[in-house]
Amino acid sequence: NAGVMQNPRHLVRRRGQEARLRCSPMKGHSHVYWYRQLPEEGLKFMVYLQKENIIDESGMPKERFSAEFPKEGPSILRIQQVVRGDSAAYFCASSPGQGTGPGNTIYFGEGSWLTVV
Amino acid sequence: KNEVEQSPQNLTAQEGEFITINCSYSVGISALHWLQQHPGGGIVSLFMLSSGKKKHGRLIATINIQEKHSSLHITASHPRDSAVYICAVGYTGTASKLTFGTGTRLQVTL
C-alpha cells in the first residue's frame, strides 16, 4: 500500500510560468489536504478537497492558485503566473475520512519543492 | 485566535539523553498531531492524540486537555532522531485543517 505520492519532488519555474503539483492519496483515501511551507516558516493550510469537491479553501491565496481532485486521477495544485514568493515546499496529505478527528489518521507526502527563478 | 506554541525552538542533546518538547494551544481541539520532518524531507506523522498518552518505541506523547498542553518525549536519544518536530492541531469546528506550530529543531550529537 503505497503512501501519499507527490510529484514532481522538485520543480523550477521562471516567473510568469505555471506550476502544477500532483498528489495521489493513499489507497482508499478520499480526502486530500494541501499545505505550504515557506522558507523558514511553519506549515500553513491551503485547501481541503474530497473527490470532485472543494470543501475548504480558506487558506488559498485569492488569485493564481487553484486546486482540484477529479473523480479519476490525482489531486492537482495549480499556480499560475508564478512569482518568487511562491517558492516553497508544498505538502499533500490524505485521510480516509472527514476532518482530523480521532481515528482519522492523516498521512503526508514527501512534498514538492517549487523554486521560482 | 488559534495559535500553537512550541518550545524550545532549538534543542541540542547528547546521545542517550531524555528529550522533552512541549506544545500549547489556545482553544478546544478535536485532535493533536506530532510530526517529524528531516531537513529537505517529507513529513512523517508520529502520533495523533485526543486524550491521554501514546507510546511507540522510544517516543512517548502525552496530552492534557484541561491545560491545553502536549509533550513529546524521546527516551535514549540517538543522532538519527535529529529532525524538526512539529505539533499540529485540528481545532473543534475547523477540524478539516491543521494549525501548525513553528517546530522544534532537535540535534542529537554523539
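Above: the structure in question.
Residues numbered from 1 in each chain as written. Chains lettered and ligands numbered in written order. Predicted model: local features only at pLDDT ≥ 70, side-chain atom pairs only at ≥ 80, totals over all residues. Heavy atoms only, no water.

Draft legend 1. Up close: the state of the cysteines. Residue and element names in this part refer to chain B. Going through the model one piece at a time under the given rule, you end up with two disulfides over all chains. Note on cysteine connectivity: C23 is disulfide-linked to C87, with sulfurs 1.9 Å apart. Between C23 and C87, the disulfide has an S-S torsion of -65 degrees and is therefore left-handed. Of this pair, C23 sits in strand β3 (residues 19–25) while C87 sits in strand β9 (residues 83–91); the two residues are 64 residues apart in sequence, bridging distant segments of the chain. Of the two residues examined, C23 and C87, each falls in the buried class. (Disulfide = S-S within 2.5 Å. Helix = DSSP H or I, 4+ residues; strand = E, 2+ residues; numbered from the N terminus. Buried < 20%, exposed > 50% of the residue type's maximum accessible area, 1.4 Å probe, protein only.)

Draft legend 2. Here's a closer look at the side chain of T104 of chain B. All names here are of chain B. Here T104 lies in strand β11 (residues 104–109). What makes T104 buried here is its relative accessible area of 0%. A polar contact of 3.2 Å, which involves the side chain of T104, links it to the side chain of Q6. A distance of 2.6 Å separates a polar side-chain atom of T104 from the backbone oxygen of P8. Apart from residues no more than four positions distant in its own chain, T104 is found in contact with Q6, S7, P8, Q9, L11, I21, A83, V84 and Y85. (Polar contact = N/O pair within 3.5 Å; in protein donor to acceptor, adjacent residues only side chain to side chain. Contact = heavy atoms within 4.5 Å.)

Draft legend 3. How the structure looks around the environment of L35 of chain B. Examined against the element boundaries, L35 of chain B turns out to sit in strand β4 (residues 29–37). Here L35 of chain B falls in the buried class, since its relative accessible area comes to 0%. With near-sequence residues (within four places) excluded, L35 of chain B lies in contact with F108 of chain A together with I43, V44, S45, L46, V84, Y85, I86, A88 and F100 of chain B.

Draft legend 4. Fine view of the interface of chain A and chain B. Each partner contributes residues to the interface: chain A has 23 residues there, and chain B has 19 residues. Carbon and sulfur atoms make up 62% of the surface buried where chain A meets chain B, a total of about 1,700 Å² over both sides. Counting every contact that joins chain A to chain B gives one salt bridge. Between D56 of chain A and K97 of chain B there is a salt bridge, and its shortest N-O distance comes to 3.9 Å. For the interface between chain A and chain B, the tally reads two residue pairs in polar contact (both at pLDDT 80 or more). At the level of elements, β4 (31–37) and β5 (43–50) of chain A are the ones that each hand at least two residues to the side of chain A that touches chain B. (Buried area = accessible area lost by both parts, 1.4 Å probe. Salt bridge = Lys/Arg side-chain N within 4 Å of Asp/Glu carboxyl O.)

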